[in-house]
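Single-letter residue listing:
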Amino acid sequence: MVRQIIRHGHSRIAYLTLQPGIEATPLRVAGYRRALADAGIAFDTGLVQTGYPDFGYDSTPLVEAVVKLLALPQPPTVICCGNDEMAVRVYGILRTRGLRVPEEISVAGYDNHSAIAETLFPPLTSTGLPYLRMGALAADMLFAEEVRQSGQMLKVVGETIWRQSVTTLK
């Protein structure tokens, strides 16, 4: 997703991570950093904030993370969220601060939950998790003894669905 956002002209790309301890968290941060590096964009630690520091429903840490991003001398032009649920909350946080998505700041999510992504206004750009492909691959791996013994990790890429929450910069 970050590569595609860069192709849309963004270089100040924030990422709100999931909880520490979830396997996806370091993998997604690594992908974010790789996409920036491939585009020749310097990694800025201030643009990566933990959106959910624990499994609770307290939005305070997320609000604080977004406020930090917006207070940067060069704030982001897009906020990528670790999941679509976080993106819903980010929409609300931005709205309470008088910011319009995508006119003033773009937002993207992860999971592509249609009940969220398609019903937000504007609809949310989001990368889907290919659950069926992941399950089929996992089943195949269970039956392939050589793969199980190697401890090999396989990457299954989800499709990014572009909707109106990410603008193209000139």
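Above this note sits the structure.
Counting from 1, residues in each chain are numbered in the order their sequence is written. Totals for whole chains, interfaces and linings use all residues, but because this is a predicted model, local features are given only for residues with pLDDT of at least 70 and pairs of side-chain atoms are given and counted only at 80 or more. The side-chain numbers reported here are obtained from all heavy atoms of the structure, hydrogens and water having been left aside.

Trainee: Can you help me understand the pattern of salt bridges in this one?
Mentor: Close approach of charged atoms allows side chains of opposite charge to pair. Salt bridges, as used here, are contacts in which a Lys or Arg side-chain nitrogen is within 4 Å of a carboxyl oxygen on Asp or Glu. What the rule picks out here adds up to five salt bridges. The shortest N-O distance in the salt bridge between Arg-12 and Asp-44 comes to 3.0 Å. In this pair, Arg-12 is assigned in the loop between helix 1 (2-7) and strand 1 (13-17) and Asp-44 in the loop between helix 2 (24-38) and strand 2 (48-50), connecting sequence segments 32 residues apart. Burial classes follow relative accessibility: with a 1.4 Å probe on protein chains only, a residue under 20% of its type's maximum area counts as buried, one over 50% as exposed, and anything between as partly exposed. Assessed through its relative accessible area of 26%, Asp-44 is described here as partly exposed. Numbered from the N terminus, helices here are DSSP runs of H or I no shorter than four residues, and strands are runs of E no shorter than two.

Trainee: Sorry, what's going on with the sheet that holds strand 1 here?
Mentor: Pairing between the strands of a sheet is mediated by backbone hydrogen bonds and can be parallel or antiparallel. Strands are treated as partners if at least two bridges between them are detected by DSSP. Strand order in the open sheet formed by six strands is 2-1-3-4-5-6, with mixed pairing between adjacent strands. At either end of the open sheet lies a strand with only one pairing partner, and these are strand 2 and strand 6 (160-161). When strand 3 (residues 78-81) meets strand 4 (residues 106-111), the two strands line up parallel, connected through three bridges. By the bridge assignment, Val-78 is partnered in strand 4 with Ser-106. Its contacts with the sheet put helix 2 on strand 1, strand 2 and strand 4, and the angle it makes with strand 1 is roughly 170°. The contact criterion used is simple: two residues touch if any of their non-hydrogen atoms lie within 4.5 Å. For helices, the axis comes from a line fit to the C-alpha atoms of the stretch in contact; other axes are also lines fit to C-alpha atoms, and the angle between any two N-to-C directions lies between 0 and 180 degrees.

Trainee: Just to check I follow, could you spell out the pairing of strand 5 (residues 125-128) for this structure?
Mentor: Successive residues of a regular strand alternate their side chains across the two faces of the sheet. The alternating pattern of strand 5 places Thr-125 and Thr-127 and Ser-126 and Gly-128 on opposite faces, both of which are buried. Relative to strand 5, strand 4 runs parallel, the two sharing four bridges. If you follow Tyr-110 over to strand 5, its bridge partner there is Thr-127.

Trainee: Honestly, the environment of Asp-84 in this entry has me stumped. Any pointers?
Mentor: As for its placement among the helices and strands, Asp-84 is situated in helix 4 (residues 84-96). On the basis of relative accessible area, Asp-84 is assigned to the buried category, the value being 0%. When the C-alpha positions of Asp-84 and Val-156 are compared, they lie 19 Å apart, and in sequence the two are 72 residues distant. Residue contacts for Asp-84: discarding those within four places in its chain leaves Gly-109, Tyr-110, Asp-111, Asn-112, His-113, Ile-116, Ala-117, Leu-124 and Ser-126.

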